Amino acid sequence: MSEQELSRRDFIKVTTGIVGGIIGAVVGLPAVYYLIDPALKSGGKEAWIPVGKLEDMEVGKPYPFSFTRVQVNGWERTATSHAGYALRRSEAPNDLLILNSRCTHLACTVNWSETAQAYLCPCHDAKFSSSGDVLDGPPPRPLDRYDEFRLTDDGVLEIYYREA
Amino acid sequence: MAMILKKLYNWLDERLGLKGIYDNILDRPEPRGNWWNTLGSASLFLFILQGATGIFLSVYYTPSPDHAYDSIQYIMDGVAFGWLVRGIHHWGATLMVVIVFIHMLRVFVTASFKYPRELTWLIGVGLLLATLGMGFTGYLLPWNQRAYWATTVGTQIAGTVPLIGEFILKALRGGTDLSALTLQRFFAAHIWMLPAVLAGLIGIHLYLIIRHGESHLPTKED
């Protein structure tokens, strides 16, 4: 388009289009980012959670523990309770099996029963062995484990926790 | 490619009458204009901008006394470009009141409200009032000290109307005190009722402008 052919009308049209496009992009692109922002955030906070003193845990008997994590979602703080059992399989300090007591069926909390020698879920009669395997009931998989743990110098067991 | 687009355009034009819309709205004859004649379009643009940014703000804002303030803090600090979206809405609101008011002054000064445009003027008065209503209701939503006391004073002023003042005050506040009900109804008015009123009135306003065309500036003989 040479300058002679560009009429006043066309100039206004083109200018309006360009300026409008710039304004649209300046407002529109940040707006898209603003909308999808929560999906781009990695929420996973991590921590070492003290569970209890090793000397308090009897060998062969699951030791119950629980802890609370505060999650911040936007402007809202939610406290979530977590619980589990630490089992010393032998006298060796590192021979530990730490289970999450959240039932793998529908997330009720399982309890260790001395008489049944199993973890029982009150909701749908699920039954897990001391090693967390499914013995009976609807759960699709064994109890989740806290695989990473460590012992502090003064004998406190800590588990590694990462927010989902 | 150009052929396909041309065909697609013709197909749509035949059914939608695109050319007619374009000719009547964007290509209509205008008197020799000046920049003062663009204030109505500027108001319309600001209305759309406020609507768009407002919709985006409602994604994160929550109109409850417990969370309203926190949710705005979150928009400002926690969300990408939240400061920009809220900033545009905040300053756009002020600018819209100013532009709408100057638009009204221009129409008054150039006597453009006379026959046959009296209804355009009257509807414009309604638009001005609805715009001020948007400003008044939106001011409470951040639920900070300034918002709270501005609304306390504002509703108190409305309450000084003789005889029915107390009723107006209670109707505005949703009770005798400024409360969660006040915040909720101001929010409803701000995002549903007043925008609906504005959109409807803008529709009529634009129809009348297209029907009558823009007014000429008065000459010495007028």
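See the structure shown above.
Let me begin by describing the structure that accompanies this report. Values in this document were obtained by computation on a predicted structure and should not be read as measured data. (Residues numbered from 1 in each chain as written. Chains lettered and ligands numbered in written order. Predicted model: local features only at pLDDT ≥ 70, side-chain atom pairs only at ≥ 80, totals over all residues. Heavy atoms only, no water.)

Brief notes about the layout of surface pockets
It is the rolling of a water-molecule-sized probe over the atoms that shows where space remains empty.
Residues and elements named next belong to chain B.
No. 1: The calculated volume of the second largest pocket comes to roughly 1100 Å³.
No. 2: Secondary structure elements with two or more residues in the lining of the second largest pocket: helix H3 (39–57), helix H4 (68–77), helix H5 (82–109), helix H6 (118–140), helix H7 (145–158) and helix H9 (180–212).
No. 3: With seven residues, H5 is the largest single contributor of residues to the lining of the second largest pocket.
No. 4: Of the residues belonging to the lining of the second largest pocket, the class tally is 20 nonpolar, twelve polar and two charged. (1 Å grid on protein atoms, 1.4 Å probe; cavity = no way out; pocket = protein on both sides within 12 Å on 5 of 7 lines; lining within 4 Å. Points joined across faces, edges and corners; volume = space filled by probe spheres on them. Helix = DSSP H or I, 4+ residues; strand = E, 2+ residues; numbered from the N terminus. Nonpolar A, V, L, I, M, F, W, Y, C, P; charged D, E, K, R; others polar.)

What to know about the interface of chain B and chain A
No. 1: At the junction of the two partners, chain B supplies 21 residues and chain A supplies 15 residues.
No. 2: Together chain B and chain A conceal approximately 1600 Å² of surface at their shared face, both sides included; 71% is due to carbon and sulfur atoms.
No. 3: Summed over the three residues of chain B that lose the most area to chain A, namely B:Phe56, B:Tyr60 and B:Tyr74, the buried surface amounts to 33% of that side.
No. 4: Where chain B touches chain A, the interface holds one salt bridge.
No. 5: Across the pair B:Asp27 and A:Arg9 runs a salt bridge, and its minimum N-O distance is 2.7 Å.
No. 6: When its residues are assigned to classes, the side of chain B that touches chain A shows 14 nonpolar, five polar and two charged. (Contact = heavy atoms within 4.5 Å. Buried area = accessible area lost by both parts, 1.4 Å probe. Salt bridge = Lys/Arg side-chain N within 4 Å of Asp/Glu carboxyl O.)

Some remarks on the state of the cysteines
All names here are of chain A.
No. 1: Taken as a whole, this structure holds one disulfide over all chains when the rule is applied.
No. 2: This cysteine, Cys103, is not joined by any disulfide, and Cys121 carries the nearest cysteine sulfur, 3.9 Å off.
No. 3: Residue class for Cys121 comes out buried when judged on its relative accessible area of 5%. (Disulfide = S-S within 2.5 Å. Buried < 20%, exposed > 50% of the residue type's maximum accessible area, 1.4 Å probe, protein only.)

Concerning the sheet that holds strand S3 (residues 76–88) of chain A
In a beta sheet, neighbouring strands pair by backbone hydrogen bonds and run either parallel or antiparallel.
Residues and elements named next belong to chain A.
No. 1: In spatial order, the strands read S2-S3-S4; together these three strands make up an open sheet with antiparallel pairing. Every other strand in the sheet has two partners, leaving strand S2 (63–73) and strand S4 (96–100) as the edge strands with one partner each. Strand-to-strand twist across the sheet, computed as the mean angle between neighbouring axes with direction ignored, equals 30 degrees.
No. 2: Across eleven bridges, the pairing between S2 and S3 is antiparallel. (Pairing = 2+ DSSP bridges. Axes fitted to C-alpha atoms, helices over the stretch in contact; angles between N-to-C directions.)

Some points on H7(B)
Residue and element names in this part refer to chain B.
No. 1: Between its terminal C-alpha atoms H7 stretches 20 Å, which fits the 20 Å expected from 14 residues at 1.5 Å a residue.
No. 2: Listing the buried residues of H7 in full gives Ala147, Thr151, Thr152, Gly154, Thr155 and Ala158.
No. 3: On its buried face, H7 sits against H6, helix H8 (165–173) and H9. (Expected span 1.5 Å × (residues − 1).)

Some words on the sheet that holds strand S1 (residues 46–53) of chain A
Residues and elements named next belong to chain A.
No. 1: Within the open sheet, the three strands sit side by side as S1-S10-S9. Their pairing is antiparallel. This sheet does not close on itself; its edge strands, each paired only once, are S1 and strand S9 (149–151). Across this sheet, the average inter-strand angle for adjacent strands is 30 degrees, counted without regard to direction.
No. 2: Looking at chain direction, S9 and strand S10 (residues 156–162) are connected through three bridges and run antiparallel. Each bridged residue has a counterpart across the sheet, and for Phe149 the counterpart in S10 is Ile159.

Looking at the packing of aromatic side chains
No. 1: In total, this model carries 18 aromatic pairs over all chains according to the counting rule given.
No. 2: Taken together, a centroid distance of 5.4 Å and an interplanar angle of 55 degrees make the contact between B:Phe113 and B:Trp121 tilted.
No. 3: Residue B:Phe113 is classed as partly exposed on the basis of its relative accessible area of 23%.
No. 4: Taken together, A:Tyr34, A:Trp75, B:Phe56, B:Tyr60 and B:Tyr74 form an aromatic cluster joined through their ring pairs.
No. 5: Between A:Arg150 and the ring centre of A:Trp48, over which it is positioned, the NZ or CZ distance is 4.2 Å. (Phe/Tyr/Trp six-rings, centres within 6.5 Å; stacked < 30°, edge-to-face > 60°. Lys NZ or Arg CZ within 6 Å of the ring centre and 35° of its normal.)

Without other data, these values stay purely geometric and don't point to any function.
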